[in-house]
Amino acid sequence: MPASSEPFVAVYTQHLPAVSRYLARRVDRADVDDLAADVFAIAWRKRGSVTPGEELPWLYRIAAYQVANHRRRLAARASVLGLLSVPDSAPSAESLVTADAELARAWAALGPRDREVLALVVLDDLSVGDAAIALGVSANAVSIRLHRAKKALAAALGETDSGSSERSPAPAT
């Protein structure tokens, strides 16, 4: 165990805002601080296993596991209470695209894997390599998923555009 905690404090200070934004798009805002604390507690315990320069995607991967665990706890709690479902009130990547109704419809038409890879690369501004680390897959797999997701989004946007033009024909001149 290193004698100094300064390198970890620097990583914490640098990446806490990004990890918090990542969490805020996936869970209720009231849970973000607790989950971020859990992410960094795990990161502290496992700090020797991270490759220098890959801290943020490594933290995103830890955060993804924490979000999954958090959702399982919520589902278990809801089932114990006899509720049929837990409303997802957390702001998500979808909330970032809802200002444009066509883009929001196209985003909603995407599958969860497409939305996740687009969110990591486009919204979280990760490189393909860093997104691969965050998703636990190869960079090649992320490139393929990203290409397919962009193609699916473009197709969904094309359907929205063509669908709206079919509904409102051009005026006759």
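Conventions we followed
- Residues numbered from 1 in each chain as written.
- Predicted model: local features only at pLDDT ≥ 70, side-chain atom pairs only at ≥ 80, totals over all residues.
- Heavy atoms only, no water.
- Helix = DSSP H or I, 4+ residues; strand = E, 2+ residues; numbered from the N terminus.
- Buried < 20%, exposed > 50% of the residue type's maximum accessible area, 1.4 Å probe, protein only.
- Contact = heavy atoms within 4.5 Å.
- Areas by Shrake-Rupley, 256 points an atom, 1.4 Å probe, with all protein chains shown as cover.
- Polar contact = N/O pair within 3.5 Å; in protein donor to acceptor, adjacent residues only side chain to side chain.
- Core = buried A, V, L, I, M, F, W, Y, C linked by side-chain atoms within 4.5 Å.
- Phe/Tyr/Trp six-rings, centres within 6.5 Å; stacked < 30°, edge-to-face > 60°.
- Lys NZ or Arg CZ within 6 Å of the ring centre and 35° of its normal.
- Salt bridge = Lys/Arg side-chain N within 4 Å of Asp/Glu carboxyl O.
- pLDDT = per-residue confidence, 0-100.
- Axes fitted to C-alpha atoms, helices over the stretch in contact; angles between N-to-C directions.
- Parallel < 35°, antiparallel > 145°, perpendicular 65-115°, else oblique.
- Left-handed = near helix turned anticlockwise from the far one by under 90°.
- Nonpolar A, V, L, I, M, F, W, Y, C, P; charged D, E, K, R; others polar.

Visitor: How do you make sense of the overall build of the protein chain when you look at a structure like this?
Guide: Within the protein chain, the secondary structure is distributed over 8 helices and 0 strands. Within the protein chain, the proportion of its 173 residues that are buried is 34%. In the protein chain, once contacts between residues fewer than 6 apart in sequence are set aside, the share between residues at least 24 apart is 64%. Here the protein chain has roughly 10,500 Å² of accessible surface; of this, 57% comes from carbon and sulfur atoms.

Visitor: Looking at this structure, how should I read helix α6 (residues 112-123)?
Guide: In an α-helix there are 3.6 residues to a turn, and that puts residues three or four apart on one side. Of all the positions in α6, only Arg115, Val117, Leu118, Ala119, Leu120 and Val121 are classed as buried. Asp125 sits one or two residues past α6 and shows a positive phi near 60°.

Visitor: What am I meant to see in the side chain of Arg26 here?
Guide: Its place among the elements puts Arg26 in the loop between α1 (6-24) and α2 (29-45). A polar atom in the side chain of Arg26 sits 3.3 Å from the side chain of Glu116.

Visitor: Would you mind showing me how to read the nonpolar core here?
Guide: Generally speaking, soluble globular proteins have nonpolar side chains that are buried together. Among the nonpolar cores identified, the biggest contains 39 residues, and Val19, Leu23, Leu59, Tyr60, Leu118, Leu120 and Leu126 are the most heavily contacted of them. Mapped onto this core, the elements with two or more residues apiece are α1, α2, α3 (55-80), α5 (101-109), α6, α7 (128-135) and α8 (139-167). Those residues in contact with Leu59, other than ones at most four positions away along the chain, are Val11, His15, Val19, Val39, Phe40 and Ala43.

Visitor: Hey, could you run me through the packing of aromatic side chains in this one?
Guide: Geometrically, a pair of aromatic rings is defined through the distance of the ring centres and the angle of the planes. Taken as a whole, this structure holds 4 aromatic pairs when the rule is applied. A centroid spacing of 5.0 Å and a plane angle of 75° characterise the contact between Phe8 and Trp44, whose relative ring orientation is edge-to-face. Separated by 36 residues along the polypeptide, Phe8 in helix α1 and Trp44 in helix α2 bring together distant segments of the chain. Here Phe8 falls in the buried class, since its relative accessible area comes to 17%. Following the ring pairs from residue to residue traces out a cluster consisting of Phe8, Tyr12, Phe40 and Trp44. In this arrangement the basic side chain of Arg26 is found over the ring face of Tyr22, its NZ or CZ atom lying 3.7 Å from the centre.

Visitor: Looking at this model, I keep getting lost on the pattern of salt bridges. Mind explaining?
Guide: Oppositely charged side chains may form a pair once their charged atoms are brought near each other. Inspection of the entire model under this criterion finds 2 salt bridges. Here Asp124 ties to Arg25 by a salt bridge, and the two come within 1.8 Å at their closest N and O atoms. One end of the pair, Asp124, is in the loop between α6 and α7; the other, Arg25, is in the loop between α1 and α2, and 99 residues separate them in sequence. Assessed through its relative accessible area of 11%, Asp124 is described here as buried. Linking Arg26 and Glu116 is a salt bridge whose minimum nitrogen-to-oxygen distance equals 3.3 Å.

Visitor: Help me understand the confidence of the model for the protein chain in this model?
Guide: Close reading of the predicted structure is inappropriate where its pLDDT is low. Summarising the model, the protein chain shows a mean pLDDT of 80, and 76% of its residues fall at 70 or more. Looking across the protein chain, the model is least confident in helix α4 (residues 93-97), with a mean pLDDT of 52, and most confident in α2, with 93. Within the model, pLDDT remains below 50 along residues 82-87, and this stretch shows 3 contacts once partners closer than five positions in the same chain are excluded. Low pLDDT, under 50, characterises residues 164-173; the stretch is placed with 0 contacts to residues that sit more than four places away or in other chains.

Visitor: Looking at this structure, I do not really get the packing of α1 against α2. What am I missing?
Guide: Geometry of a packed helix pair, given as the angle between the helix axes and the separation of the axes. Contact geometry of α1 with α2 gives a least axis separation of 9 Å together with a crossing angle of 140°. With respect to α2, the axis of α1 lies oblique. You can see that α1 and α2 cross each other, and the crossing is right-handed. Facing α1, whose interface residues are Phe8, Tyr12, His15, Leu16, Val19, Ser20, Leu23 and Ala24, α2 presents Arg29, Val32, Leu35, Ala36, Val39, Phe40, Ala43 and Trp44. In terms of residue class, the contact of α1 with α2 is built from 13 nonpolar, 2 polar and 1 charged.

Visitor: Where do I start with the side chain of Ser20 in this structure?
Guide: Summarising the element assignment, Ser20 is placed in helix α1. Among residues more than four places away in sequence, those in contact with Ser20 are Val32 and Ala36.

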